[in-house]
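A structural walkthrough
Here are the chains, one letter per residue:
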Amino acid sequence: MVTQMDASLVEVRGVSKTFDGVVRALDDVSIEARRNEIVGVVGENGAGKSTLMKILVGLYPPDKGELYYRGRRVPFPKNPKEAAKRGISIVYQEKGVISSLKVYQFLLLGHEDKYVKFSRLQIDKMKKHAREILEELHVKCDAEDFMYEPALSTQKMVEIARAILSVRLECGDDDITPIIILDEPTAPLTVEERRELFSDILNMKKNVSFIFVSHIIPEVMEFTDRVHVLRDGKLVAHYDLSEEKITEEDLFRAIVGRESSEYIYKPEVKRVVSEEVVLTVKNLTKNGCYYDISFDLHKGECIGIFGPAGSGKSEIIKTIAGLISFEGGVLIIRGQKVKADELPHVRLGRGIGYFSGETGKELFLNWPIVKNISIVNIEKILRKLIPVISFNAEKKMAEKIVQRMRISAPSVNTDCYSLSGGSKQKVSVGKWFERSPDIFLLEDPTIGIDVGAREDIYETTLEMNKNGTSMILVSDDPKEYSILCDKIMFVKDGRIQKVLSPEKFRKVMAT
Amino acid sequence: MKILGRNKLITPVIIQTLKTHPVILALIALLVIFSGLYPERFLTPLNFKTILRQFVTLTLFALGPSIVVVTGSLDLSYVGIWMLGGILVWLLMPILGMFSILVIPLLGLGTGLLIGVIQVKAKIPSFILTLSLLVTYSGLTATLSGGYPRSVRGYEFITATLIPYLLTAFLWSIPIIIVAVFIMKRTRIGTYLYAIGSNEEGARLAGINVDKYKILAFTLSGLFTGIGSIILYQHLGGSAPVELNLMTVVWPLVAIVLGGTPLIGGSGGPQRTILGALTFTVFYRGLYLSLLHPEMIQLLVGLLLIVSIVVSARGLKGVTIT
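Residues numbered from 1 in each chain as written. Chains lettered and ligands numbered in written order. Predicted model: local features only at pLDDT ≥ 70, side-chain atom pairs only at ≥ 80, totals over all residues.

**Structural notes on the overall build of chain B**
Here is the rule: Starting at the N terminus, helices and strands are each numbered in turn, a helix being any DSSP run of H or I of at least four residues and a strand any DSSP run of E of at least two. In this setup the radius of gyration rests on C-alpha atoms only. A globule is expected at 2.2 Å times the number of residues raised to 0.38. Partly exposed residues are those falling between the two cut-offs: more than 12 but fewer than 20 other C-beta atoms within 10 Å of their own, whereas 20 or more means buried and 12 or fewer means exposed, with C-beta atoms placed from the backbone.
Each helix and strand in chain B was counted, giving 14 helices and zero strands. Along chain B, from the amino end to the carboxyl end, the secondary structure elements read α-α-α-α-α-α-α-α-α-α-α-α-α-α. At 20 Å, chain B has a C-alpha radius of gyration in line with the 20 Å of a compact globule built from 322 residues. If one aligns the C-alpha atoms of chain B with their principal axes, the spans along those axes are about 65 × 60 × 40 Å. For chain B, buried positions account for 45% of its 322 residues.

**Some points on the interface of chain A and chain B**
Think of interface size as the accessible area that goes away when the parts come together; that is how it is often given. Note the following rule: By the convention adopted here, residues make contact when the C-beta atoms placed from their backbones lie within 7 Å. The nonpolar class holds Ala, Val, Leu, Ile, Met, Phe, Trp, Tyr, Cys and Pro. Asp, Glu, Lys and Arg form the charged class, and all remaining residues, Gly among them, are polar.
Across the contact, 21 residues belong to chain A and 22 residues belong to chain B. Ranked by residues supplied to the side of chain A that touches chain B, first place goes to helix α10 (residues 344–349) of chain A with three residues. Class assignment of the residues belonging to the side of chain A that touches chain B gives a composition of 15 nonpolar, three polar and three charged.

**Digging into the sheet that holds strand β6 (residues 88–91) of chain A**
Across a sheet, paired strands are connected by hydrogen bonds in the backbone, their directions being either parallel or antiparallel. Residues and elements named next belong to chain A. Which entries qualify depends on this criterion: Only when DSSP finds a minimum of two bridges between them are two strands counted as paired. Lines fitted to C-alpha atoms define the axes, with helix axes restricted to the stretch in contact, and inter-axis angles between N-to-C directions lie between 0 and 180 degrees.
As summarised here, the arrangement of the six strands in space is β6-β9-β10-β3-β11-β12, forming an open sheet in which the pairing is mixed. The open sheet has two free edges, formed respectively by β6 and β12 (234–240), since each of these has just one partner strand. For this sheet the average axis-to-axis angle between neighbouring strands, irrespective of direction, equals 20°. Across the face of the sheet, helix α1 (residues 49–56) comes into contact with β3 (38–42), β6, β9 (179–183), β10 (209–214) and β11 (226–231) while running at roughly 150° to β9. Across the sheet, helix α5 (residues 152–171) lies against β6 and β9, angled at about 160° from β6, the strand it touches most.

**Overview of the domain arrangement of chain A**
For clarity, the threshold we go by: Where each domain begins and ends is defined by an automated method or by a domain database.
Taken domain by domain, chain A consists of domain 1 (8–256) and domain 2 (278–510). A straight line from the C-alpha centre of domain 1 of chain A to that of domain 2 of chain A covers 33 Å.

**Regarding the pairing of β10(A)**
Moving residue by residue along a regular strand, the side chains alternate between the two faces of the sheet. Residue and element names in this part refer to chain A. β10 sits mainly inside the fold: six of its six residues count as buried. Of the two faces of β10, the one lined by S209, I211 and V213 and the one lined by F210, F212 and S214 are each fully buried. Summarising the sheet, β3 and β10 pair through five bridges and their orientation is parallel. Residue pairing for β10: I38 is matched across the bridge by F210. Inspection of the sheet shows β9 paired to β10 by five bridges, in the parallel sense. Of the residues in β10, the one forming a bridge with I180 is F210.

**Details of the sheet that holds strand β19 (residues 439–443) of chain A**
All names here are of chain A. Read across the sheet, six strands follow the order β18-β19-β20-β15-β21-β22 without closing on themselves; strand pairing throughout is mixed. Lying at the two open borders of the sheet, with one neighbouring strand each, are β18 (352–356) and β22 (495–500). Ignoring strand direction, the axes of neighbouring strands in this sheet form an average angle of 20°. Relative to strand β20 (residues 470–474), β19 is paired through five bridges, and the arrangement is parallel. Paired with F440 across the bridge in β20 is M471.

**Describing helix α9 (residues 313–321) of chain A**
Quick reminder: α-helices carry 3.6 residues per turn. Residues three or four places apart thus point the same way. Residues and elements named next belong to chain A. When you tally the buried positions in α9, you get nine out of nine residues, the bulk of the element. The set of residues buried in α9 consists of K313, S314, E315, I316, I317, K318, T319, I320 and A321. Positive backbone phi, approximately 90°, marks G322, located one or two places after α9.

**Side note on the pairing of β19(A)**
Residue and element names in this part refer to chain A. By the criterion of burial, β19 is predominantly enclosed, with five of the five residues buried. Side chains I439, L441 and E443 of β19 all project onto a buried face; the interleaved residues F440 and L442 project onto the opposite face, where all are buried too. Here β18 pairs with β19 via five bridges, running parallel. If you follow Y354 over to β19, its bridge partner there is L441.

**Side note on helix α4 (residues 45–70) of chain B**
Residues and elements named next belong to chain B. Heads up, the rule is: By this rule the span expected of a helix is its residue count minus one, scaled by 1.5 Å. The angle between axes fitted to the seven residues ending at a residue and the seven residues starting there is what we call the bend at that residue.
Between its first and last C-alpha atoms α4 spans 35 Å; for 26 residues at 1.5 Å apiece the expected length is 38 Å, and the two agree. At L63, α4 shows its strongest bend, of approximately 35°, with the proline P65 following within four residues. Looking at the residues trailing α4, positive phi occurs at G72, about 90°.

**Regarding the environment of V139(A)**
With respect to the element layout, V139(A) can be found in the loop between α4 (123–136) and α5. Contact partners of V139(A), with chain neighbours within four places excluded, come to L134(A), T154(A), M157(A), V158(A) and A161(A).

Below, the structure written as structure tokens:
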């Protein structure tokens, strides 16, 4: 059988999906994945990317639409197992890895029945099979490693190997071309890990087709052959990147439906940093994490700590927040030497606020917006005579923040679980904006949220900065450093390598 | 507010209330069913008096633990505090005289503090810890009492009739309920306890001293149980039982969960527990009057607990706190 290079492998036509009869998640969307290509599906949060993928792997039934597999019409899968029979499998954004399992156990999880002989698992056969697939796909780990041992990018590769394997085993055919959906695969990875992952993925292209779901524009531009753009549940654009000349700006406009504002892609206006030192870090050391870290943070200054995952940047900022303790050196906050094992609430008393962008970590999801904002600002809403919460003051405060942060919600009493990812993040940042701590620690402040929400968060943090809040930033997105920071410290293997100005940093990053 | 506007507001308020407190529907349904099935037995002053009596007992037991449940832990020590406290009153009577009744709230306070500190320091599941403590206390009670209930006279004034036709124990329970609800709803302590139950990591990141407030939750629970036990002590005739009855442990749990406080914490609280206690009492009295065998009623109580746990866990997302 001769197959053409661009033969359509899987195609969905006119898919629509409505939730609870109200929210229209998908409206007449058609996409296709061809043989041996990486096709991008991009859009902001809530554009319908995830819903479409969940329909493809059989987690949701569509209201309307048709599915074609190798040119033949087939019914939509009812569960992931059926999807695998049609050659489709998915690698989720997070929580896909079971770290207590060994690599071979994880790879073959759910397929043990194929390795049973006399009601006993043939462990050796499983290991052998796992080694074969790891070798075939050039995954750099051993079948007997635990899943938490390899680097994050390798763990992703094991997940991809597992998805491919499940298609092969379900179809009973080793030569089939699987269609693997990668749902924001790079979200938890650092820059280097991303590069590594992508070079591995490109190597696999000859045997596998990928559907690459993302909202990181440069990645999509660099690694995909074609791009489908979704906005508000509709397919708004389709580009063939090998034929058309598309710039990042074009793609950005298609995704958000408006021009990118000044904060993205443009250097930031300079701020005035006062001489007053609010935080001094001297020879701070935690064995195994970081060594001899020293710097001064001035009032109104923003310092970025940049480096690859495992460089110690995350541990440094967590130490300042009081989430982990240090072993050597001195930490001086507003002129006061502090103990190594102080807890976050003591540090907050000293004026240090910590914000992590990891979804679900900060928020009280079953609470309304108003409570989520007042939780760090209770002093402000207590009555003067007896310390009783004034619901009126609480509501006014929340309304101010909702308006200021442009949070889209019907009212301040809306429960947070029903908000979009971007709005959730804005609520988290908003409560700290109201509190306006002396020192604000930001860790991955915009992870996993869309471009519009990012801009609002940058704008807010810059305003806090202008009002005299000092900040420390740790992130995986280099652009974020050049937007927010006055000074960037480059950390590697737990040590500060060099200190760069934003201009220098941009130049280093551009090369 | 204009009168016209007020009329328009009533319906949405009722709908909102029913949405956040679905147990009210169950309560109405039970009242309708039982009064329809056997009005001659159910709709009597005596029955309503009994309902009120049992409601008070249940509420005073369930109020404190429901504060702990909000934080996502569990406190089963209430019956232990009641039993051991009762026997301590009898033991200390010769020394302390009338003041010996105060040993019950002090025991509650101390027990709560102890549980809180152990739980936070040793990081063990509160269920096992408080269950072990309950068994220990009941063993201690049996040892101290010699196996017989020991009644003490002289505290009749606690439950002496103040207002005719109104149970004095009920009157006493009103301020206790108000204080509990007030603490949980309108103070910093309450807000922080809900925060810990909703997202412990988030509470830590928001600068809440999680350990301190967890200990506080257990201490409050013990204190409320202790104060309630004073009233229960006299309410049930100037003594406390010396043998552990499983039902007295289980019923308050049913009241808490039925009221809409999920065992995983983060929402609900004392104000719902009152509704739960009332609903359960009506449910129990209705069955009691139905001439079903007591064994059968126990079976139904068990089923009710299972169903309400499942419902409260599934309905968590829709539950709001304000």
